[in-house]
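Next come the chains, spelled out residue by residue.
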Amino acid sequence: MQKVFFISDHHFGHKHIIDFESRPFAAVDEMNEKMIESWNAVVGKQDKVFHLGDFSFLNQEKTKAIVSRLNGYKILILGNHDRGRTRAWWLEAGFDEVSEHPIIYKDFFFLSHEPMYMNKHMPYVNVHGHIHSQKYAGSSYFNVSVEHWDYTPITFEQIRDAVVPSEEGD
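Residues numbered from 1 in each chain as written. Predicted model: local features only at pLDDT ≥ 70, side-chain atom pairs only at ≥ 80, totals over all residues. Heavy atoms only, no water.

With that out of the way, let us pick up the pairing of strand β1 (residues 4–7). Of the two faces of β1, the one carrying Val-4 and Phe-6 and the one carrying Phe-5 and Ile-7 are both buried. Here four bridges tie β1 to strand β2 (residues 48–51), and the two strands are oriented parallel to one another. Across the sheet, the residue bridging to Ile-7 is His-51, located in β2. Here β1 pairs with strand β9 (residues 154–155) via two bridges, running antiparallel. Residue pairing for β9: Phe-5 is matched across the bridge by Thr-155. (Buried < 20%, exposed > 50% of the residue type's maximum accessible area, 1.4 Å probe, protein only. Helix = DSSP H or I, 4+ residues; strand = E, 2+ residues; numbered from the N terminus. Pairing = 2+ DSSP bridges.)

This is the structure we're talking about:
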């Protein structure tokens with residue numbers, strides 16, 4: 001059975017993110033390898049992964065080499081650091097789908113790179129990245145930046161169970 005995963009802000013190849021976000025790696029190559037290993041430890045070949053932006057700081061050849069090592073059908077929602085490259089560039093790098101805009105998933109989850117304004121009348125939970133180890137308060141936001149999830153994609157069920165109230169006791 002196909003599983004669906006979410007993750008953001010890998011920043012593959014970005015040496016300075018180690019210091020900026022106090023990532024537990026001595027060097028960028030170690031970080032890259034650990035993140036590839038963590039991805040493949042949970043994502044199977046038949047699974048689907050929504051990457052919510054800021055994937056790689058590397059050139060296309062090196063980015064393609066990383067994407068090709070990652071399991072699953074990969075959908076990229078462009079982040080602020082991805083937008084300097086075209087959709088075609090990212091498709092050529094190996095993503096199966098690329099969106100320049102947020103996506104509504106299962107009529108309830110608003111997938112974007114940056115947190116989006118959500119008011120109490122909007123029927124969505126904003127699944128996002130961009131703010132790394134920070135977190136927005138409230139049940140309308142769910143941060144999937146790698147720093148919150150030990151550099152490992154998380155399942156749709158993990159997000160759903162965290163944000164949708166249980167019907168037990170009703």
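Resuming the write-up.
Attention shifts here to the nonpolar core. In this structure, Phe-12, Phe-55, Ile-66, Leu-76, Trp-90 and Phe-95 are the most contacted members of the largest nonpolar core, which totals 26 residues. Within the residue set of this core, elements represented by two or more residues are β1, α1 (17–20), α2 (28–42), α3 (60–69) and α4 (87–92). With four residues, the top contributor of residues to this core is α2. Formed by 17 residues, the second largest nonpolar core is a distinct cluster that contains Phe-6, Ile-75, Ile-77 and Leu-111. (Core = buried A, V, L, I, M, F, W, Y, C linked by side-chain atoms within 4.5 Å.)

Here we come to the side chain of Ser-112. Along the chain, Ser-112 turns up in the loop between β6 (109–111) and β7 (125–128). Here Glu-114 takes part through its backbone oxygen, which lies 2.7 Å from a polar atom of the side chain of Ser-112. In this structure, Ser-112 is in contact with Leu-52, Pro-102, Asn-126, Val-127, His-128 and Gly-129, ignoring residues within four places of it in sequence. (Polar contact = N/O pair within 3.5 Å; in protein donor to acceptor, adjacent residues only side chain to side chain. Contact = heavy atoms within 4.5 Å.)

Turning next to the pattern of salt bridges. Side-chain pairs of opposite charge can arise whenever the charged atoms involved come near each other. Per the stated rule, a full pass over the model turns up five salt bridges. Arg-69 serves as the salt-bridge partner of Glu-33, at 2.8 Å between the closest nitrogen and oxygen. Separated by 36 residues along the polypeptide, Glu-33 in helix α2 and Arg-69 in helix α3 bring together distant segments of the chain. Residue Arg-69 is classed as partly exposed on the basis of its relative accessible area, which comes to 40%. One salt bridge connects Asp-161 with Arg-160, and the closest N-O pair in it is separated by 3.0 Å. (Salt bridge = Lys/Arg side-chain N within 4 Å of Asp/Glu carboxyl O.)

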